[in-house]
Amino acid sequence: MRKKWSSLLTLVIMVALVMAGCGGQSGSGGQSSGEGGKSGKTELLFWSPFSGADGPFMKQIVDRYNASQDQYSVKFVIQPNGEYYKQLDVALSAAKDRPDLVIMHLDQIPTYQNKGQLQAIDEIAANAGLSKSDYVEAAIDYATIEGKWYGIPLDIHPLVMYYNKDLFEKAGIASPPTTREEFENATQQLTDQGAGVYGYVVPTLWPQQFIFPTLVWQNGGELWNGSDVAYNSPEAVEMVEWLRSLIDMGVSPANVQQDGENTLFLQGKNAIQFNGPWMKSQFDEAGLNYGVAPVPQIGKAKQAVYGGSHNFAVPRDVTDENVLAGIGDFLKYVASNSLDWAESGQALAAKPMLESEEFKALPQSAIAESFSYVQFAPDVLNWPTISEPIWGELNNALLGKKPAQQAMDDAVAKSRQAIK
């Protein structure tokens, strides 16, 4: 009996010791608690959709920030790009594992602000010594809703023109085109169908999401007229017909499949490609001798270019003062230490970086030339869903399955159904 009691007493003591050990670790730091465990640092959970080649560049910035000071620790988590907003919606609706700081595409900010899932960052920025004047105006204006500021821009990524320098030199073209006439002349000179080389390969799918709006705005049209979708206007239809004319003229092959224009560019068989700044690392790895320039003014009305922007945003439920201070400190650091992000091909939105000699020395500094006339997606709630029908119908027009006017009329009809 004494043996049994002795064993039981030993067991009770062991359980008590284990429980004491667990209790001693409580509050040692969750991802959003503002506490940092044994290191004493406040930990911040930072989400991004940079699951492509750009992810390592942001990780370098985070790692350097963490090494630069001993008060805060940013935990950088990359979510799959295609699932990012679904994952974010789940996280924002649950208290557990909610990020403290997120990357958000600029055109998503109005929707998430309207849902009450973002907090204004005016106070966070002011406490960190940041102001709106530190950034490119176009992105700031878009992210300011009812007088409050909801997104600090990391970059602006407008459509740009890439061109094969070797093919240009062979064709005797000294500089990239800047007008429709120069573009049409250059693409005809650059085309050698016998060698399978084309002046400009017209994509029928992505990245038309950047190309089509650019051309519509350049031609004096709109995607949204203030109360309704407007991409079946004469100005828009004319640009669809112009794209199709390049195929009919033979400067582009017909029936280009997804990424076909990029495959040919990488093979040295497509002289000009319109795409985004994110393509840089791919072209560098391929060893292409390429140049970067603003998209020519193809439309008849004005110079314009469609752009996107990655922004830092803060979920509404982040309230810990230490965490909020840490977010401000990190954003202050990024504003002056984001050259790594520029190395990924992006044009930075912070003026101290744009004006630095290091950034000006990069080829993509030419991208910043278009910031004065960059335009973003219409400031309409759920715009990605509303505008989705454009791309399938544009594909029909470019493949010759429908006349341009019919395709755009059909896109408008489907978009109106989506609005309802």
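Structural data are supplied above this passage.
Residues numbered from 1 in each chain as written. Predicted model: local features only at pLDDT ≥ 70, side-chain atom pairs only at ≥ 80, totals over all residues. Heavy atoms only, no water.

Time to look at empty space enclosed by the protein. Enumeration over the complete set of coordinates arrives at 2 cavities of 30 Å³ or more. The volume enclosed by the largest cavity comes to roughly 50 Å³. Lining of the largest cavity is provided by Tyr 135, Ile 152, Pro 153, Leu 154, Phe 312, Leu 331, Val 334, Ala 335, Ser 338 and Ala 350. When contributions to the lining of the largest cavity are tallied by element, the ones reaching two or more residues are β6 (152-153) and α13 (321-336). (1 Å grid on protein atoms, 1.4 Å probe; cavity = no way out; pocket = protein on both sides within 12 Å on 5 of 7 lines; lining within 4 Å. Points joined across faces, edges and corners; volume = space filled by probe spheres on them. Helix = DSSP H or I, 4+ residues; strand = E, 2+ residues; numbered from the N terminus.)

What follows deals with unusual backbone geometry. Across the junction of Trp 206 and Pro 207, the peptide omega takes the value 5°, indicating a cis bond. In this fold, Pro 207 is placed in the loop between β9 (198-200) and α9 (208-218). Phi is positive for Asp 259, which is not a glycine, with a value near 70°. Residue classification places Asp 259 among the partly exposed positions, given a relative accessible area of 38%. The backbone of Asn 382 sits at a positive phi, close to 60°, despite the residue not being glycine. For Asn 382, the position within the fold is in the loop between β15 (374-375) and α17 (383-387). Judged by relative accessible area, Asn 382 falls into the partly exposed class, the value being 44%. (Buried < 20%, exposed > 50% of the residue type's maximum accessible area, 1.4 Å probe, protein only.)

Taking 1.5 Å of rise per residue, 16 residues should cover 22 Å, and α13 covers 23 Å from first to last C-alpha, within 8% of that figure. Taken together, the buried positions of α13 are Val 323, Leu 324, Gly 326, Ile 327, Gly 328, Phe 330, Leu 331, Tyr 333, Val 334 and Ala 335. The distance from a side-chain oxygen at the start of α13 to the backbone nitrogen of Asn 322 is 2.8 Å, and the residue carrying that oxygen is Asp 320. (Expected span 1.5 Å × (residues − 1). Polar contact = N/O pair within 3.5 Å; in protein donor to acceptor, adjacent residues only side chain to side chain.)

Our focus in this paragraph is the pattern of salt bridges. Within this structure, the stated rule accounts for 14 salt bridges. Asp 89 serves as the salt-bridge partner of Lys 115, at 3.6 Å between the closest nitrogen and oxygen. Placement of the pair is Lys 115 in the loop between α4 (109-114) and α5 (122-128) and Asp 89 in helix α3 (residues 84-93), with a sequence separation of 26 residues. By relative accessible area, which is 43% here, Lys 115 ends up partly exposed. Taking relative accessible area as the criterion, Asp 89 reaches 30% and is therefore assigned partly exposed. Across the pair Glu 238 and Arg 180 runs a salt bridge, and its minimum N-O distance is 3.9 Å. A residue pair is termed long-range when its members are at least 10 positions apart, and Glu 238 in helix α10 (residues 234-249) and Arg 180 in helix α8 (residues 180-190) qualify at 58 residues. Here the salt bridges do not stand alone but share partners, grouping Glu 393, Lys 402, Asp 410 and Lys 414 into one network. (Salt bridge = Lys/Arg side-chain N within 4 Å of Asp/Glu carboxyl O.)

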